[in-house]
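# Inside the fold
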Amino acid sequence: MLKSKTFVKKTRSGGVVKIVREHYLRDDIWCGSEICSECKPETTALQRDARIESSLCTYPHYLIPDTNVVLHQQIDVLEDPIIRNVIILQTVLQEVRHRSAPIYKRVKDMLHEKDKHFYTFTNEHHETFIEREPGESANDRNDRAIRVAAKWYSEHLKTFKSISDGLEVVLLTNDQGNKQKAKEIGLQVFKDEYIKSLIANPELLDRLALTNDEKNEISRKVLFPEHLPLSKIQVGIKAGTFLQGTYRASRDNYLEGTVFVHGEGEESTEVLIQGLTNLNRAVHQDVVAVQLLPQDKWVAPSSIVLQDEGTAKDDAGDEEDEDKKPTGKVVGIIKRSWRPFCGMLNVSQIKESTRHLFTPADRRIPRIRIETRQASTLAGQRIMVAIDGWPKDSRYPNGHFVRSLGGAGEKETEEEVLLLEHDVPHQAFSQSVLSFLPKMPWSITPEDVAKREDLRHLTVCSVDPPGCTDIDDALHCRELENGNLEVGVHIADVSHFIRPGNALDQEAANRGTTVYLCGKRIDMVPELLSSNLCSLRSNVELAFSCIWEMNHNAEIVKTRFTKSIINSKASLTYAEAQMRIDDTTMNDDITKSLRGLNKLAKILKRQRIENALTLSSLEVRFHIDSETHDPIDLQTKELETNSMVEEFMLLANISVAQKIYDEFPECALLRKHPAPPPSNYDILIKAARSNQNVEIHTDSAKALADSLDVARVDNFPYFNTLLRILATRCMMQAVYFCSGMDSDFHHYGLASPIYTHFTSPIRYSDIIVHRLLAVAIGADSTYSDLMDKHKQSALCNNLNYRHKMAQYAQRASVAFHTQLFFKSRGVLNEEGFVLFVRKNAIIVLIPKFGLEGTVFFENKDKTGPNLVYDEEGPTLTVLQRTFHIFDKVKVTISLDASNIQHQKIRMALLEPMIPGVSVPAEDLEPLSKKSKIDR
Amino acid sequence: MAGLELLSDQGYRLDGRKATELRKVQARMGVFAQADGSAYIEQGNTKALAVVYGPHEMRGSRSRTLHDRAVINCQYSMATFSTAERKRRPHGDKKSTEMSLHLKQTFEAAILTQLYPRSQIDIFVKILQADGGNYSVCVNAATLAVIDAGIPMRDYVCACTVGFVDETPLADLCYTEENGGVSSLALALLPRGGQIALLQMDARLHQDHLETMMEAAMIACKGVSKVLDEVVRQHLQEASALSRD
C-alpha cells in the first residue's frame, strides 16, 4: 500500500546542501464526501446536499479555495457560517502555515468545527501529488497541485453522477492566470464574482479584501517615496546608515511619531519623525527602518496638543523645547503589525459612493479607506476593519470591513470594543481547547485518593464576596494537641486539570489572566474548570494545601505543602463570616475555626503593617441591576472582613515563594514590586508641604508609612486619604519575573523580601507556581519548559503584558460605566478636592463617586483667562485665585457625548466663583451647549 | 517560518506515513563472498552494510580472551558521503565509539557466545547513507549478516527508533523527525521472547509516556522482524535452489 517516491529539496543557509526526503504516496486517502461509495473513510465531513445559495452556481457544490484566497484576508468570508462544505487541500494548509501563523490558526479552528463541514484533503500524499518541473517556481507548482487535485475531485465525483444530483467542485482563486489554466482543464473556477453571487449575503462582499489588480484608478500623484526592499534595509542596518525600531505614533498629532530604536545594551534612542512623507505609511507599532536626517534638519517635537489630551502629556519634553531631537525618515517597513481595528465609519458626503473613510478608536491609527455598500446601516455602529495595504499614491491605507460589533454606545458593543482594543483574548474556546477538559460527570478517582492527602475530616470553609462563582480558596484552623494552632490555606488544584503543553494549557498561557470587567468576566480557562471543577464549593474537591503550625502569637513553627482532598463545610460571604464571629451564641466548629483565623489574622496584620505600606485607592464599584444590567448605584467602600482572608493569602504566597525559590533558585516564578525612584515622590512632598505644612519622609517604605500615619489635620479628615491616594500614584508596577534572570526580589508594597502568586489559579502565573511547588514536594513531574529560565522569562513578559492590558481594560470598563451612570443622572453638582494641578487645568477628585475629572481653564479657539503656573507649589493662579493641591472645590459634572467614539465626563467649576471661568450654579442643562464651547 | 509539523491533524507524518508505519525495508544477504557473513539493508533512505568475520581465533591482544565464551568485536562507521555535509572522519569519533559499544552490548545479548569459548566474532557495520535511525538499521543489518555467517543466535535482534509527538509515538523516525526536537528512544528486541537487548534514550521524556513509547517500539520491532524473517527465508530459498542446480 505504500508507494515510495524520493525527491530532492531545497538548500539551507550558508552552504548549499542537497536534502533528500522520502515521500510516500498512499492509496488510503479518502475524498471525505457523503455520496462517495468508493472511499471508505471513518467519518465524512462533506455533505451530500451541499448547497450554498449562489446565482452563479445553482447546483450543489464543494468549494476548493486556493492559497491566496485563504491567505489574503478572504478568510473573513470563509469564516461566515453560510460558507460550508469546503475542501482545504494540504498544499494550501502548508502554504498558509508558512506564511501566516494567525490565519493558519483560524483555518484550523474552522476545520475543527463540525457544522462548517470543512475537510482537509491530504493531496500531497495522494495520487494527485505532482513533482516540481524544471524551471517551475514553487508557487506555480503549488497552484498546479491545487488544480490537479481539484480536477481529480471533479472527476471522482462524476463517477457517482446518478446519486450526486449534479454535485460539482468549484475552485476559488484570485489569480487571473490560475483561473485561465483551470478553465483550460475544464474546472469550474471563480474569482470574487462567486462571493458577489451569493444570494442573501451582500454584506459578505464587503469582507473581501481589496486586491491589487482591482486598482482601477489611474495612478495619481505619488504621495510617498517607495519603500526599500528588505535586502537593502538589512545592508543599511548592518552598515549603520539605517536604524531599526518600533514606530509609535503620537496620540496628539497624526503628523508626528517616534521610532524607538533598541540599541545594544543601554543605548536605546528615540528618533523623531515628522510629516506625512517622512512617516511614509508607517502605522503604529510597525517595525520600521529609519534614516537619520542631516543635523541641520533636526526639529523639536511640536508642542501643539489638542486640548483633550492637555493633561495627559504635560511634562514630556517641555523642558527640552529648545533642544532638537534626532529626526529621521522612514525608508522601509520591516514588519507590519496590522490587526483588525475597531472604530466607526465616516460616511462619505456623496450619497452613492461606496468608498468611505473609517476612523479607528485608537487615535494613533490612521484613518482607513474601505469599500462598502451598506454604509447607511454601518453608520452609527462600531465596526472592525482590517488594513489590506497602503499604496504609495494613496493618502490613506486601503482596508476592508471585517464585521460589525453593534451600535455605538451600547453596552455589549462598547465592552467588545474595549476588549479588542486592549488585546484581551475573549473568543469562545476552540474545540481543540475544550477537548482537554475532563469528561463530565467527573469524580475523584481512587488513584487521586491514593496520591493525595485526605483532609476531608477538617472543618474547611471558604469566605468570598457575595455572588462569587469561582471560589478558589478555602481556609481552616484547628487546635493541635500540643496547644499550637494548625492553619491551612487550600487552593483549588487547577494544575491537576491543566496539563503542561496541551492546547488548553497554551490557551491559558496566552490569555494569562482572567479579566474582570464591570459585570462581566473573561475567563482564562473554560468555565467548567473555573467555576465548577476548580471551585471549592460545599463538596469534595481537589486542592493544593499550604498548612502551617503556628503558636498563639502567630509565629510559624512549621510549614508544609501537600496536594489534598478537602470537603468544604461551608461557603460564606464576608458578611456571614463576620456575623458568625461576632455572634457569641454560635459555637460550632466552623465558627470556632473562623474565630481562630480572625485572631491570628489580626496579629499578622499588625505585624505586617509595622513595615508595610497601606495605600488607598478609590475605585468606583457599581451595583449592577440584575435585570436591566444598568448601574443603579455607586459603592466606594470595601467591607472590612476580607482582610482576614487576605492576610492568609499573603502568608501563603510568601511561604510558597520561599519554598519554590529554595528548590529552584534559577527558575522560580516570583513577583516583585520595585521601590519607586525618589523623584516620584516629589509631587507628594510638595503637595503635603504647600497645603498643610506636613512633612513626608520617603526614605523607605517604613518611613513613608509612618509619616503618612501621622499626617492628619484636625479640621480636614479627608486629608490623610488624599495623601494616600497620591502616594499610590507614585508607586511602580508590580511585575512577574523569573528568579534566574533578576537579582532584586523585593516587594516594596508588602515589605516582603520575596513574593509570588499562588492563591488564585485563575491567573496563569499561579498555575506555573502550582506546578513548581508540586515538583518541589515530589507530587508531580517536571517538564523542560518549566526549568528553562529563558522560556520562563518570556512567559513572564507575556503575563505582565496581559495583566497590564487587563488593568487598562478594567479601568476603561469602569470609565464606561461611569459614563452610563452620569448619562442616566444628567447633570450633578458635587464637592471635590484638587488632586493635581496642571498648566492649564486642575484635576478634581469627587470622593462620593471615586471619580476623577479635569477642569480646563483654557480653550483652544479663544484666549483663556490669565493663568500663572508655579511649578514649586505646584499651584495654578487663575485671575488672582490660586489653586493648591487638596483644595476643596465644587464642580458640576456632566457627560460630554459630542464625540461619540470618545465620550467623556466633563467637569466645570462652580466654587470658588471666578467670573468668566466658573459656570453659574443654576446652569443645569448644558450638555450640548457646553460641549460646543469645549471643542 | 514555524517549525515543521511532524504529525498533521489528519494523522500523517512529513513523508506521508501514519504514526505506526515503518519505512520501506529492503534487504539482501550474502553480498560479499570474502566475508563469513554479510548483508545490505535499506530502511527508507538509511542504507547500511554489515560484514561478519568469525568465529575465529583471538587476534590482536590475546589478553582479552574469555575462557567461557566468545568475544564480540564491533565497529561502527559512517561513510564520509553518508550525510548531507561531508564527514571528516568515518570512524573513531565519540559518537561512533559509543555506537560500537551499543552494538557490542546488543549482540552479546543475542549471540550464543558460550558455544565458542576463546574465540572472537567481528561485526563491522557501515552506514552508506544516513537518514535517521542509524543504530536500529545497523542492528538489523548485523542480524542478517550474523545469520548469513551461520552463527547461532537466540533470536533475531530487531531494532527500531520511536519518537514522541503530540502524545503519539511515531515509529521508525527519519532524519527530519529526529532533528525536529522529538524525544526519541531506540530499542533492540528479541521479538519471540519479548526480551529487550538494548534500550537507549538520551532525551527528556515524561515518565508517564515511557510505557507507551516502549510498547510502540516493541510493536515496530516485531514488524521489522517479520520483514527480516521474510528476507532470510527468501535468501535460503534462492541459495538452496542454486545449490540444487
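Keep in mind that what you see is a predicted model, and the values were worked out from it rather than measured.

Calculation rules
Residues numbered from 1 in each chain as written. Chains lettered and ligands numbered in written order. Predicted model: local features only at pLDDT ≥ 70, side-chain atom pairs only at ≥ 80, totals over all residues. Heavy atoms only, no water. Helix = DSSP H or I, 4+ residues; strand = E, 2+ residues; numbered from the N terminus. Buried < 20%, exposed > 50% of the residue type's maximum accessible area, 1.4 Å probe, protein only. Contact = heavy atoms within 4.5 Å. Pairing = 2+ DSSP bridges. Axes fitted to C-alpha atoms, helices over the stretch in contact; angles between N-to-C directions. Polar contact = N/O pair within 3.5 Å; in protein donor to acceptor, adjacent residues only side chain to side chain. Expected span 1.5 Å × (residues − 1). Salt bridge = Lys/Arg side-chain N within 4 Å of Asp/Glu carboxyl O. Buried area = accessible area lost by both parts, 1.4 Å probe. Parallel < 35°, antiparallel > 145°, perpendicular 65-115°, else oblique. Left-handed = near helix turned anticlockwise from the far one by under 90°. Nonpolar A, V, L, I, M, F, W, Y, C, P; charged D, E, K, R; others polar. pLDDT = per-residue confidence, 0-100.

Attention now moves to the overall build of chain A. Across its full length, chain A holds 26 helices and 36 strands. A burial count over chain A gives 53% of its 935 residues as buried. Sequence separation of 24 or more characterises 67% of the internal contacts of chain A that already satisfy a separation of 6 or more.

Let us now look at the sheet that holds strand 7 (residues 168–171) of chain B. Residue and element names in this part refer to chain B. Read across the open sheet, the 4 strands follow the order 7-6-8-9; overall the sheet is antiparallel. With partners counted over all chains shown, the strands left at the sheet margins are strand 7 and strand 9 (195–200), one partner each. Averaged over all neighbouring strand pairs, the angle between strand axes comes to 30°, with direction disregarded. Here strand 8 (residues 183–190) runs beside strand 9; their pairing, made up of 5 bridges, is antiparallel. Counted as the bridge partner of Ala188 is Leu198 from strand 9.

All names here are of chain A. In terms of burial, helix 15 (residues 503–511) is largely enclosed, as 7 of its 9 residues are buried. Those residues of helix 15 that sit buried are Ala503, Leu504, Asp505, Glu507, Ala508, Ala509 and Arg511. Taken together, the buried residues of helix 15 touch helix 13 (431–434), helix 16 (527–533), helix 23 (764–776) and helix 25 (789–825). The N-terminus of helix 15 is capped by Asn502, whose side-chain oxygen sits 3.1 Å from the backbone nitrogen of Leu504. The first or second residue beyond helix 15 is Gly512, which carries a positive phi of 80°.

A few words now on the sheet that holds strand 10 (residues 269–274) of chain A. By way of backbone hydrogen bonds, the strands of a sheet pair with one another, either parallel or antiparallel. With mixed pairing, the 5 strands of this closed barrel are ordered in space as 8-9-10-12-11 (chain A). The average undirected angle you get between the axes of adjacent strands in this sheet is 50°.

So, about helix 25 of chain A. Residues and elements named next belong to chain A. The terminal C-alpha atoms of helix 25, which comprises 37 residues, lie 53 Å apart, in line with the 54 Å expected from a rise of 1.5 Å per residue. Residue Asp788 occupies the N-cap position of helix 25, its side-chain oxygen lying 2.9 Å from the main-chain nitrogen of His790. Immediately beyond the C-terminal end of helix 25, within one or two residues, lies Gly826, with a positive phi of roughly 75°.

Right, let's get into the pattern of salt bridges. Where charged atoms from two side chains of opposite charge come close, those side chains can pair. Counted according to the given criterion, the structure contains 40 salt bridges over all chains. Linked through salt bridges whose partners overlap, the residues forming this network are Arg26 and Asp28 of chain A together with Lys18 and Glu21 of chain B.

This part covers unusual backbone geometry. Residues Gly54 of chain B and Pro55 of chain B are joined by a peptide bond in cis, for which omega reads 0°. Structurally, Pro55 of chain B can be placed in strand 3 (residues 46–57). In the Ramachandran plot, Asn85 of chain A falls in the positive-phi region, its phi being about 55° despite a non-glycine side chain. The topology assignment puts Asn85 of chain A in the loop between helix 1 (67–78) and strand 4 (86–89).

A few words now on the interface of chain B and chain A. Contacts between the two partners involve 26 residues from chain B, matched on the other side by 24 residues from chain A. Between chain B and chain A, a total of about 2,200 Å² is buried, with carbon and sulfur atoms accounting for 47% of that surface. Here chain B is connected to chain A by 4 salt bridges. In this structure, Lys18 of chain B engages Asp28 of chain A in a salt bridge whose closest nitrogen and oxygen atoms are separated by 3.9 Å. At the boundary of chain B with chain A, the tally comes to 10 residue pairs in polar contact (both at pLDDT 80 or more).

A word on the packing of helix 2 (residues 134–148) of chain B against helix 4 (residues 207–244) of chain B. Residue and element names in this part refer to chain B. Between helix 2 and helix 4, the least distance of the axes is 11 Å, while the angle of their chain directions is 30°. If you check the angle between helix 2 and helix 4, you find them roughly parallel. Where helix 2 crosses over helix 4, the two elements pack in a sense that is right-handed. For the pair helix 2 and helix 4, the contacting residues are Asn140, Leu144, Ile147 and Asp148 in the first and Val224, Leu228, Val231, Val232 and His235 in the second. Residue composition of the contact of helix 2 with helix 4, grouped by class: 6 nonpolar, 2 polar and 1 charged.

Quick look at the environment of Tyr783 of chain A now. Of note, Tyr783 of chain A is situated in the loop between helix 23 and helix 24 (784–787). Sequence spacing of Tyr783 of chain A and Arg771 of chain A is 12 residues, and the spatial spacing of their C-alpha atoms is 9.7 Å.

A residue-level look at chain B finds 99% of positions with pLDDT of 70 or above and a mean pLDDT of 91. Here the prediction assigns the complex a pTM of 0.61, and the interface score ipTM is 0.88.

Detailed reading of the predicted model is not advised wherever pLDDT is low. All names here are of chain A. On average, residues of chain A score 77 in pLDDT, and 83% of them reach the 70 mark or higher. In the model, residues 304–321 has pLDDT below 50 throughout and makes 21 contacts with residues more than four positions away in sequence or in other chains. Throughout residues 618–637 the model reports pLDDT below 50, and contacts reaching past four residues in sequence, or to other chains, amount to 49 contacts.

Another aspect to go through is the pairing of strand 3 of chain B. Residues and elements named next belong to chain B. Taking burial as the measure, the 12 residues of strand 3 include 9 buried ones, the bulk of the element. By the bridge criterion, 7 bridges tie strand 2 (residues 37–43) to strand 3 in an arrangement that is antiparallel. When the sheet's bridge partners are listed, Ala39 is paired in strand 3 with Ala50. Taking the residues between adjacent antiparallel strands as the criterion, strand 2 and strand 3 are bridged by 2 residues, where Gly44 takes a positive phi near 60°. Here 9 bridges tie strand 3 to strand 5 (residues 119–129), and the two strands are oriented antiparallel to one another.

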